[in-house]
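Coordinate inspection notes
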Amino acid sequence: MNTILLQASAGGSLASMLVIYAVIIGLMWFFLIRPQKKQQKQIEEMQNSIKVGDSVLLNSGMYGKVLDIIGDTLIVEFGLNKSVRIPVLKSTVARAAEPNLTVGKKADLVDENGVEYEYVEVEVEVDENGNEIGEVKK
C-alpha cells in the first residue's frame with residue numbers, strides 16, 4: 001500500500017516539475033527573447049529604410065554619407081575631402097545619424113596662478129542685460 005502511495009506522489013511531482021519548467025521557459029521567452037527580436041526587427045527596418053544621401057553611423061563608430069545602394073551593400077563616403085568611398089554591408093549600420101561637429105566656445109583665459117589656457121570649454125549663459133556669463137570646464 002505504501003509503495004502505491006509513493007508512486008502516485010512521485011508521478012504528481014514529475015507533472016508539477018514539468019509545469020514549473022514550462023512556466024520558467026515561457027517567462028524567459030517573454031522577458032528575454034521577445035524584446036530582443038522586437039529590437040532586431042526595428043534595426044532591420046531602419047537599415048532597409050536607408051536611402052541615398054542619408055548620413056549613417058557604422059558599428060565601427062565612423063560617420064559617412066550614403067552615395068549608392070547596391071543590394072545589401074552601401075557605398076559610403078567618409079571624411080570631409082569626399083575622396084574616401086568604401087562599400088559596406090547594410091548590417092554594419094548602427095543608426096542613421098548626423099555627426100555632431102560642434103565644439104565648445106574658445107576662450108583665452110588666465111587663472112589666478114597665471115597659467116594661460118589656449119583652449120577651454122565654456123558653458124555660456126546670458127544674463128538679463130544680454131552679457132555672456134561663462135563657466136570654465138577643466
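Residues numbered from 1 in each chain as written. Predicted model: local features only at pLDDT ≥ 70, side-chain atom pairs only at ≥ 80, totals over all residues. Heavy atoms only, no water.

The name recorded for the protein chain in an unreviewed UniProt entry is Preprotein translocase subunit YajC, from Candidatus Cellulosilyticum pullistercoris. Annotation of the protein chain in UniProt includes, under Sequence similarities (unreviewed entry), the sentence "Belongs to the YajC family." UniProt annotates the protein chain under Subcellular location (unreviewed entry) with the comment "Cell membrane". (UniProt positions renumbered as here; feature names shortened; annotations may be inferred.)

Here we take up the overall build of the protein chain. Per the secondary structure count, the protein chain includes one helix and nine strands. Taken across its 138 residues, the protein chain has 16% of its residues classed as buried. Taking the intrachain contacts of the protein chain between residues at least 6 apart in sequence as the baseline, contacts between residues at least 24 apart amount to 26%. (Helix = DSSP H or I, 4+ residues; strand = E, 2+ residues; numbered from the N terminus. Buried < 20%, exposed > 50% of the residue type's maximum accessible area, 1.4 Å probe, protein only. Contact = heavy atoms within 4.5 Å.)

Right, let's talk about the nonpolar core for a bit. With 10 residues, the main nonpolar core is built from M46, I50, V56, L58, V66, L74, V76, F78, V88 and V93. Counting only elements with at least two residues in this core, the list comes to β1 (55-58) and β3 (73-78). Once residues lying within four places of it in the same chain are set aside, the contact partners of L74 are I50, V66, D68, I69, I86, P87, V88, K90 and V93. (Core = buried A, V, L, I, M, F, W, Y, C linked by side-chain atoms within 4.5 Å.)

Right, let's talk about the packing of aromatic side chains for a bit. Two numbers describe a pair of aromatic rings. These are the distance of the centres and the angle of the planes. One pass over the full model with this rule turns up one aromatic pair. On the basis of an interplanar angle of 85 degrees and a centroid distance of 5.3 Å, the ring pair of F30 and F31 is categorised as edge-to-face. You can call F30 partly exposed: its relative accessible area is 40%. Overall, F31 belongs to the exposed group, its relative accessible area being 57%. (Phe/Tyr/Trp six-rings, centres within 6.5 Å; stacked < 30°, edge-to-face > 60°.)

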